[in-house]
Amino acid sequence: MRLSRYFLPTLKETPAEAEVVSHRLMLRAGMIRQASSGIYSWLPLGLKVLQNIEEIVRREQLRSGAQEILMPTIQSADLWIESGRYEDYGAEMLRITDRRGREMLYGPTNEELITDIIRSDIKSYRDLPKNLFHIQWKFRDEIRPRFGVMRGREFLMKDNYSFDLDEAAARHSYNRMFVAYLRTFQAMGLRAFPMRADSGPIGGDMSHEFLVLAETGESKVFFHKDMDALAIPGDDVDYDGDLQPIVDQWTSLYAASDEQHDAANCPVAAEDLNSGRGIEVGHIFFFGTKYSKPMGAVVQGPGGDEILVQMGSYGIGVSRLVAAVIEASHDENGIIWPESVAPFRVGLMNLRIDDAGCTAAADDLYGKLQAAGVDVLYDDRDERAGAKFSRMDLIGLPWQIAVGPRGLKDGIVEVKNRATGERIDLSPEDALARFATAK
RNA sequence: CGGGGAGUGGCGCAGCCUGGUAGCGCACCUGCUUUGGGAGCAGGGGGUCGCAGGUUCGAAUCCUGUCUCCCCGACCA
């Protein structure tokens with residue numbers, strides 16, 4: 001993509017409304033613009049990142065055996081009245097009345113809708129287990145939206161729902177998600193720890209929050225230092241096999257958020273306890289028959305009896321993850337994207353557009369990188385070199401290639417690693433080869 | 001929802017107290033010079049001062065109402 005044609009409205013100064021670093025950088029890097037409080041438009045650069053994250057989430061869900069569906073954003077109030085949550089949910093639910101006076105709502109979550117789908121079409125124990133996910137925009141009319149997309153009112157969320165015949169099977173469904181989540185966050189270059197979450201009486205030991213470590217995270221967390229060293233299951237993990245040992249390995253180590261941590265009664269010795277700050281990006285929990293019971297989601301068992309479906313639900317804040325990655329990975333100059341979520345892999349800069357030789361070399365390299373399938377953003381604008389360097393640092397592409405007359409005189413271009421700041425001189429051919437080959 | 005603050009060109013702000021018809025920096029356009037880490041000079045375009053009432057000869061400025069946004073707290077992916 002040529003930057004001269006790309007819509008990338010970066011800002012030199014930080015808008016006054018932005019407080020946290022991810023919000024500031026997302027505005028400055030031209031990723032988002034606020035539409036109203038807690039509601040944002042995604043501009044090309046931000047959208048690419050959002051889609052990359054979404055794709056990683058989707059890939060790991062599918063790998064774990066879940067199946068993708070898509071439910072609507074607008075729901076009828078009827079189902080919510082049936083489950084008893086229409087009143088309970090309160091003002092956080094955005095209620096809408098259609099032209100016929102029917103009560104509708106912009107879904108804050110989808111338990112009711114999915115339960116309705118399941119009860120209509122799943123009648124036999126032979127149809128279980130099922131695990132269905134969708135990635136859809138939600139709306140919660142937060143009392144106080146803040147921190148940009150970290151805590152917006154409208155947000156993109158992956159949520160899925162498992163349906164099992166009994167609690168043992170439900171536990172396996174739960175464990176699958178547990179493992180899938182570990183893999184998902186790692187694939188985005190994040191360190192995420194599961195923490196036991198209090199979900200009331202139903203969930204028991206089957207409720208965990210996943211927190212991404214970031215210095216600027218909103219809540220303080222404490223965890224056993226061995227957690228750092230725990231391996232994440234590889235691509236060969238068998239989701240049909242016994243996942244309990246993996247889950248046990250993680251859950252046996254102490255990890256707690258600020259509210260739950262009690263220094264006086266902490267089972268871990270002080271020297272073994274690490275602390276940091278975290279951002280909640282995922283939550284998984286088992287809730288048994290909470291919805292299947294009031295809504296009558298039953299299957300017929302082998303003996304002809306009716307059995308209430310055991311359900312679990314699992315969320316990942318997809319749009320929030322964009323901000324979380326930035327919180328976890330930035331410096332004073334801007335964003336530092338992990339390669340897996342970066343909007344472009346390489347930022348190519350023509351430092352002197354009015355120098356025919358320089359422009360020819362940069363154009364040539366751009367064409368060849370593209371032909372080799374490298375996702376590259378090419379700064380071909382008539383700007384000063386300094387402005388180009390600064391902007392590249394701000395938008396945080398993993399690799400920068402600077403093509404200028406000075407280097408070309410010696411037959412080289414400069415390749416810079418955004419994360420480490422390391423710069424190396426390569427011939428254009430070597431630079432091409434470096435990125436054209438596998439990552 | 002309680003407490004605080006702010007709405008003036010795309011962004012950051014001054015002007016308001018003490019009314020006289022809007023200004024600065026960045027960004028943008030033109031020209032010249034410059035050119036490897038956000039250049040310099042000159043010229044230029046763009047603003048119903050959130051909105052609605054009121055006071056006044058005259059309102060960005062004073063008064064009343066209203067909307068929006070932000071920050072702190074209680075609540076959340």
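Up top you'll find the structure we're talking about.
Residues numbered from 1 in each chain as written. Chains lettered and ligands numbered in written order. Predicted model: local features only at pLDDT ≥ 70, side-chain atom pairs only at ≥ 80, totals over all residues. Heavy atoms only, no water.

## A short note on the packing of aromatic side chains
Here's step 1: If you walk through the whole model with that rule in mind, you get 13 aromatic pairs.
Here's step 2: A ring pair is formed by Y106 and F139, whose centres lie 5.8 Å apart and whose planes are at 55 degrees; its orientation type is tilted. Note that Y106 is positioned in strand 6 (residues 103–106) and F139 in strand 7 (residues 130–139), a separation of 33 residues in sequence.
Here's step 3: Among the aromatic residues, those joined into a ring-pair cluster are F178, Y181, F185 and F210.
Here's step 4: Over the ring of Y86 we find R95, and its NZ or CZ is 4.6 Å from the ring centre. (Phe/Tyr/Trp six-rings, centres within 6.5 Å; stacked < 30°, edge-to-face > 60°. Helix = DSSP H or I, 4+ residues; strand = E, 2+ residues; numbered from the N terminus. Lys NZ or Arg CZ within 6 Å of the ring centre and 35° of its normal.)

## Examining the protein's contact with RNA strand B
Here's step 1: Lining the immediate surroundings of RNA strand B are 43 residues, of which R144, E280, D393, R406 and G407 lie closest.
Here's step 2: Near-protein atoms of RNA strand B (within 4 Å) split between backbone and bases, with sugar and phosphate holding 45%.
Here's step 3: Contact distances for RNA strand B include 2.7 Å between a phosphate oxygen and a backbone N or O atom of A16.
Here's step 4: Taking S37, its main chain carries an N or O atom lying 2.9 Å from a phosphate oxygen of RNA strand B.
Here's step 5: The leading source of residues in the surface near RNA strand B is helix 11 (residues 385–395), at six residues.
Here's step 6: Here the surface near RNA strand B is composed, by residue class, of eleven nonpolar, twelve polar and 20 charged. (Near = heavy atom within 4 Å. Polar contact = N/O pair within 3.5 Å; in protein donor to acceptor, adjacent residues only side chain to side chain. Nonpolar A, V, L, I, M, F, W, Y, C, P; charged D, E, K, R; others polar.)

## Digging into the environment of F344
Here's step 1: Counting through the fold element by element, F344 comes out in the loop between strand 18 (334–335) and strand 19 (346–350).
Here's step 2: In sequence terms F344 and G396 are 52 residues apart; their C-alpha atoms lie 9.2 Å from each other.
Here's step 3: With residues near it in sequence (within four places) discarded, F344 still touches M1, Y6, L45, K48, D375, V376, L377, L397 and P398. (Contact = heavy atoms within 4.5 Å.)

## Notes on the sheet that holds strand 4 (residues 74–76)
Here's step 1: Reading across the sheet, the three strands line up as 4-6-5 and stay open at both edges, with antiparallel pairing between neighbours. Both edges of this open sheet fall to strand 4 and strand 5 (94–97), since each of them pairs with a single strand only. Between one strand axis and the next, the sheet turns by 35 degrees as a mean value, whatever way the strands run.
Here's step 2: In the sheet, strand 5 pairs with strand 6 via four bridges, with the strands oriented antiparallel. Counterpart to I96 in the pairing with strand 6 is M104. (Pairing = 2+ DSSP bridges. Axes fitted to C-alpha atoms, helices over the stretch in contact; angles between N-to-C directions.)

## Observations concerning helix 1 (residues 21–28)
Given 3.6 residues per helical turn, the α-helix brings residues three or four places apart onto the same face.
Here's step 1: The element helix 1 is largely enclosed, with a buried count of six among its eight residues.
Here's step 2: Buried residues belonging to helix 1 abut strand 1 (32–36), strand 2 (39–42), helix 9 (318–328), strand 17 (330–331), strand 18 and helix 11. (Buried < 20%, exposed > 50% of the residue type's maximum accessible area, 1.4 Å probe, protein only.)

## Comments concerning the pattern of salt bridges
Here's step 1: For the structure shown, the criterion picks out 31 salt bridges.
Here's step 2: In this structure, D375 engages K48 in a salt bridge whose closest nitrogen and oxygen atoms are separated by 2.8 Å. Placement of the pair is D375 in the loop between helix 10 (356–371) and strand 20 (376–379) and K48 in helix 2 (residues 44–63), with a sequence separation of 327 residues.
Here's step 3: Overall, the relative accessible area of 35% leaves D375 in the partly exposed class.
Here's step 4: In this structure K48 comes out as partly exposed when scored by relative accessible area, which is 24%.
Here's step 5: Note that R191 and D228 form a salt bridge whose closest N and O atoms lie 1.9 Å from each other. You can see R191 sitting in the loop between helix 6 (167–187) and strand 9 (192–196) and its partner D228 sitting in the loop between strand 11 (219–224) and helix 7 (244–251), a full 37 residues away along the chain.
Here's step 6: One connected set of salt bridges, linked through shared partners, spans R59, E60, R63, R183 and D235. (Salt bridge = Lys/Arg side-chain N within 4 Å of Asp/Glu carboxyl O.)

## Focus: the packing of helix 10 against helix 13 (residues 428–436)
Here's step 1: Helix 13 packs onto helix 10 with a crossing angle of 20 degrees between their chain directions and a minimal axis gap of 10 Å. When the interaxial angle is binned, helix 10 and helix 13 end up roughly parallel. Crossing handedness for the pair helix 10 and helix 13: right-handed. Here L365, K368 and L369 of helix 10 lie close against helix 13, whose contacting residues are P428, L432 and F435.
Here's step 2: A breakdown of the residues in the contact of helix 10 with helix 13 according to their chemical character gives five nonpolar, no polar and one charged. (Parallel < 35°, antiparallel > 145°, perpendicular 65-115°, else oblique. Left-handed = near helix turned anticlockwise from the far one by under 90°.)

## Topic: the side chain of H224
Here's step 1: Structurally, H224 can be placed in strand 11.
Here's step 2: Looking at H224, the relative accessible area reads 12%, which means it is buried.
Here's step 3: Beyond its immediate sequence surroundings of up to four residues, H224 is in contact with L253, Y254, V268, D272 and L273.

## Quick look at the pairing of strand 16 (residues 310–317)
Here's step 1: Summarising burial for strand 16: eight of the eight residues are buried, a large majority.
Here's step 2: Judged by which residues are buried, strand 16 turns out to be covered on both faces: Q310, G312, Y314 and I316 on one side and M311, S313, G315 and G317 on the other are all buried.
Here's step 3: Pairing of strand 8 (residues 154–164) with strand 16, which is carried by eight bridges, proceeds in the antiparallel orientation. Within strand 16, the position partnered with S162 by the bridge is G312.
Here's step 4: Here six bridges tie strand 13 (residues 273–288) to strand 16, and the two strands are oriented antiparallel to one another. Bridge pairing links I284 to Y314 in strand 16.

Limitation: the analysis is restricted to geometry and does not speak to function.
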